[in-house]
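A look at the structure
Residue-level listing of the chains:
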Amino acid sequence: MKKAVYPGSFDPVTYGHIDIIRRAAEIFDELTISVLDNKAKTPLFSVEERVKILKEATKDIPNVRVESFSGLLINYAAENDFHISVRGLRAITDFEYELQIAQTNNKLSGGKLDTIFLTARLEYTYISSSSVKEIASFGGDVSECVPDFVADMLYEKYNQKSRGESNE
Ligand code: PNS
């Protein structure tokens, strides 16, 4: 069985990610989306929320699983017998960053982890989780960037923040 992992922050998942997920799920028998639990960063959505959002956004794709990981990707990959990591590329700037990470992971894993890149569809190249958050924080329209339920969760998060409620 050919399986792969698609690691990322997914804070939150966008239509760009979902397109990569759909296409990778066609290529591999099983695709595991894994949300990085990075204690050094303060994401908008908790890991649990991001996993839940991803599960909902991909519920119609049968060969997709969603989980989380912490620490180095190569260690998580070795523990779970993943030899291929999937990443999406929107632009040359992504490639410069991703090339370095892919080469580092390949080197550190002793050649056991390879990275496969799928290029973002043109209509999604401008979308990033960061810009989606910024637009939503000002009440802007993110309907072309994320599923409606994610947009609602974004507006709710920023409403909570403006009311001074907890981020969790
Ligand atoms: O969605 P992102 O934030 O671009 O995803 C980046 C991610 C999670 C794939 C990358 O930061 C990662 O794998 N982090 C785990 C730590 C690690 O293994 N770093 C690579 C060595 S440089």
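Okay, so let's go over this structure.

Parameters at a glance
Residues numbered from 1 in each chain as written. Predicted model: local features only at pLDDT ≥ 70, side-chain atom pairs only at ≥ 80, totals over all residues. Heavy atoms only, no water. Salt bridge = Lys/Arg side-chain N within 4 Å of Asp/Glu carboxyl O. Helix = DSSP H or I, 4+ residues; strand = E, 2+ residues; numbered from the N terminus. Buried < 20%, exposed > 50% of the residue type's maximum accessible area, 1.4 Å probe, protein only. Contact = heavy atoms within 4.5 Å.

1. Concerning the pattern of salt bridges
With the rule as written, the count across this model stands at 13 salt bridges. K133 serves as the salt-bridge partner of D11, at 2.9 Å between the closest nitrogen and oxygen. Linking D11 in the loop between strand 1 (3–8) and helix 1 (15–27) with K133 in helix 5 (residues 129–137), this pair joins segments that are 122 residues apart in sequence. With a relative accessible area of 6%, D11 lands in the buried category. Note on K133: relative accessible area 18%, which makes it buried. Across the salt bridge formed by E56 and K59, the nearest N and O atoms sit 2.7 Å from each other. Classification of E56 by relative accessible area gives partly exposed; the value is 37%.

2. Some remarks on unusual backbone geometry
In this model, D11 is joined to P12 through a cis peptide bond whose omega is 0°. Locating P12 in the fold gives a position in the loop between strand 1 and helix 1. Positive phi, normally seen in glycine, also occurs at F10, with a value near 50°. Note that F10 resides in the loop between strand 1 and helix 1. With a phi angle near 60°, D81 is a residue other than glycine that sits in the positive phi range. D81 gets classed as partly exposed once you look at its relative accessible area, which sits at 47%.

3. What to know about the environment of S85
In this fold, S85 is placed in strand 4 (residues 84–89). Since its relative accessible area comes to 2%, S85 is described here as buried. It is 37 Å that separates the C-alpha atoms of S85 and E165, two residues lying 80 residues apart in sequence. Among residues more than four places away in sequence, those in contact with S85 are V5, P7, L73, L113, D114, T115 and I116.

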